[in-house]
Amino acid sequence: MASNGRENKCLLFSFILWDASSKNYTSDVMLSVVNVTTAVFAFLSNLAITVTMIKKTLIATPYDILIGSLTLVDCVAAIVAKPLYIALRMFLHHDQVSCDSLWCLTNVAESAILFCVGCSLLHIVLIAGDRCVALCKAVGYQTTYTKKGTRNVCIKLVFLLW
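Being a predicted model, the structure only gives us computed values, none of them experimental. (Residues numbered from 1 in each chain as written. Predicted model: local features only at pLDDT ≥ 70, side-chain atom pairs only at ≥ 80, totals over all residues. Heavy atoms only, no water.)

Caption draft 1: Region of interest: the packing of aromatic side chains. Taken as a whole, this structure holds 0 aromatic pairs when the rule is applied. The ring of Tyr 63 carries the charged tip of Arg 131 above its face, separated from the ring centre by 4.3 Å. (Phe/Tyr/Trp six-rings, centres within 6.5 Å; stacked < 30°, edge-to-face > 60°. Lys NZ or Arg CZ within 6 Å of the ring centre and 35° of its normal.)

Caption draft 2: The arrangement of the packing of helix H2 (residues 62–91) against helix H3 (residues 99–136) in detail. Running from N to C, H2 and H3 cross one another at 160°; their axes reach a closest spacing of 9 Å. Looking at the two axes, H2 sits roughly antiparallel to H3. By crossing handedness, the relation of H2 to H3 is classed as left-handed. When grouped by side-chain class, the residues that make up the contact of H2 with H3 number 26 nonpolar, 4 polar and 3 charged. (Axes fitted to C-alpha atoms, helices over the stretch in contact; angles between N-to-C directions. Helix = DSSP H or I, 4+ residues; strand = E, 2+ residues; numbered from the N terminus. Parallel < 35°, antiparallel > 145°, perpendicular 65-115°, else oblique. Left-handed = near helix turned anticlockwise from the far one by under 90°. Nonpolar A, V, L, I, M, F, W, Y, C, P; charged D, E, K, R; others polar.)

Caption draft 3: Up close: helix H1 (residues 25–55). The end-to-end C-alpha distance of H1 is 44 Å, a good match for the 45 Å that 31 residues give at a rise of 1.5 Å each. Buried positions along H1 lie against H2. At the C-terminal side of H1, Thr 57 shows a positive phi close to 45°. (Expected span 1.5 Å × (residues − 1). Contact = heavy atoms within 4.5 Å.)

Caption draft 4: Focus on the pattern of salt bridges. Under the counting rule described, the total for this entry stands at 1 salt bridge. Across the pair Asp 130 and Arg 131 runs a salt bridge, and its minimum N-O distance is 3.1 Å. We classify Asp 130 as buried; its relative accessible area is 8%. (Salt bridge = Lys/Arg side-chain N within 4 Å of Asp/Glu carboxyl O. Buried < 20%, exposed > 50% of the residue type's maximum accessible area, 1.4 Å probe, protein only.)

Structure, rendered in structure tokens:
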């Protein structure tokens, strides 16, 4: 499975490992440092936005609910998807890790990234649709879409997205 050399010689094919054949330890460490920094910043900034929205009761329209949910998706990406990707890049350089473990970690990291990207894109599409309705029906939007029934439908839609 693994060679006696410094790096693991498993053949992994994944869209997140576009350069798995040229395993450069220095570039992977730099990539990991950048990913750790952006993950911490993304988590803290999105958490601050979510806490502010909840404390200030800014959840009045479907747009606000979708933005709040999008910040939570970004928090999940920062605490799940980025660390998995960093672990995968670092484990590529250890010959003690079996090919099966690397394959499993690759699949889990790929699934987490696809989940976060998919949820983010769905939220962005729904936010764009909500903004389109707000622009096209500007007069009735505030009265129609801020009712409690509409808010409940939007909350159910967010749970469906997740």
